[in-house]
Amino acid sequence: MWSFLKGILNENRRLLVELALFDFDGTITKGDTIFTFIQYYHGKKKYLFGCMVLFPVFFLYCLKILNHHKAKELTLSYFFRNKDRDEFITKANDFTKEILPKMILDSAMEKIKWHLERDHKVVIVTGSLNILVENWCREHGLDLISSRLDMSSQRLSGHLAGINCFSKEKVVKIREKYNLYDYSRIYAYGDSKDDKYMFGLAHESYFKLFS
């Protein structure tokens, strides 16, 4: 009898849990964290020169000849290939402390707090790099699903570890980490057409709510 009642209690508890999925760049932040970090790391002149060099990559991506994963790796490789891993980590941590808080939209932060006050599980689902976002997420008690830079060597390659967390891949990564049937209600927040796949998981979805 006790096991039966315990099962009912666990099921009721499960049905009370709600999940909030937030895209990051452009949804919670003003601007793109990776490109802002590149400028922070190299300075404005080297950043602008690099963007000029990479123009063919951006153009081919716009034409859909290059996919998002490949375009991102080419960009990261140009700016960070052969950089020292420890120096990169230090710069990324400094960026998280000095620059990232200024990029956060107040209205987005208020909505995140609204979810947390109701004991909802809040997850940042982003194509940005884990090293640029994870400390901020940890500080605010948020889960993180993100793209990950390959940090396996002392000298960086600029390659990603695994598949870029973008578009349909966000749904794959969400389903890998969470059993969505455990949540009585799912919210999703995004700012681009590629977030529509994540919106498909939600009972309530919000497009460009904070912009």
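Please refer to the structure higher up on the page.
Residues numbered from 1 in each chain as written. Predicted model: local features only at pLDDT ≥ 70, side-chain atom pairs only at ≥ 80, totals over all residues. Heavy atoms only, no water.

(A) Structural context of the side chain of Asn164. Mapped onto the elements of the fold, Asn164 is located in the loop between strand S3 (143-147) and helix H10 (168-177). Of note is the side chain of Asn164, whose polar atom sits 2.6 Å from the side chain of His68. Residue contacts for Asn164: discarding those within four places in its chain leaves His68, His69, Lys72, Gly127, Ser147, Glu169 and Lys173. (Helix = DSSP H or I, 4+ residues; strand = E, 2+ residues; numbered from the N terminus. Polar contact = N/O pair within 3.5 Å; in protein donor to acceptor, adjacent residues only side chain to side chain. Contact = heavy atoms within 4.5 Å.)

(B) Local environment of the environment of Leu156. Tracing the sequence through the fold places Leu156 in the loop between S3 and H10. Relative accessible area serves as the criterion here: at 2%, Leu156 is assigned to the buried category. A C-alpha to C-alpha distance of 19 Å links Leu156 and Gly127, two positions 29 residues apart in sequence. Residues contacting Leu156, with those up to four places away along its chain left out, are Phe80, Arg81, Asn82, Lys83, Arg85, Phe88, Leu149, Asp150 and Met151. (Buried < 20%, exposed > 50% of the residue type's maximum accessible area, 1.4 Å probe, protein only.)

(C) Highlighting the pairing of strand S2 (residues 121-129). A large share of S2 lies buried, amounting to eight of its nine residues. In terms of strand pairing, strand S1 (residues 18-22) meets S2 through four bridges, oriented parallel. Bridge pairing links Phe22 to Ile124 in S2. Pairing analysis gives five bridges linking S2 to S3, with the strands arranged parallel. Note that in S3 the partner of Leu129 across the bridge is Ser147. Between the parallel pair S2 and S3, the chain is carried across by helix H9 (residues 130-140), and the sense of this crossover is right-handed. (Pairing = 2+ DSSP bridges. Right-handed = clockwise from strand over helix to strand, strands pointing away.)

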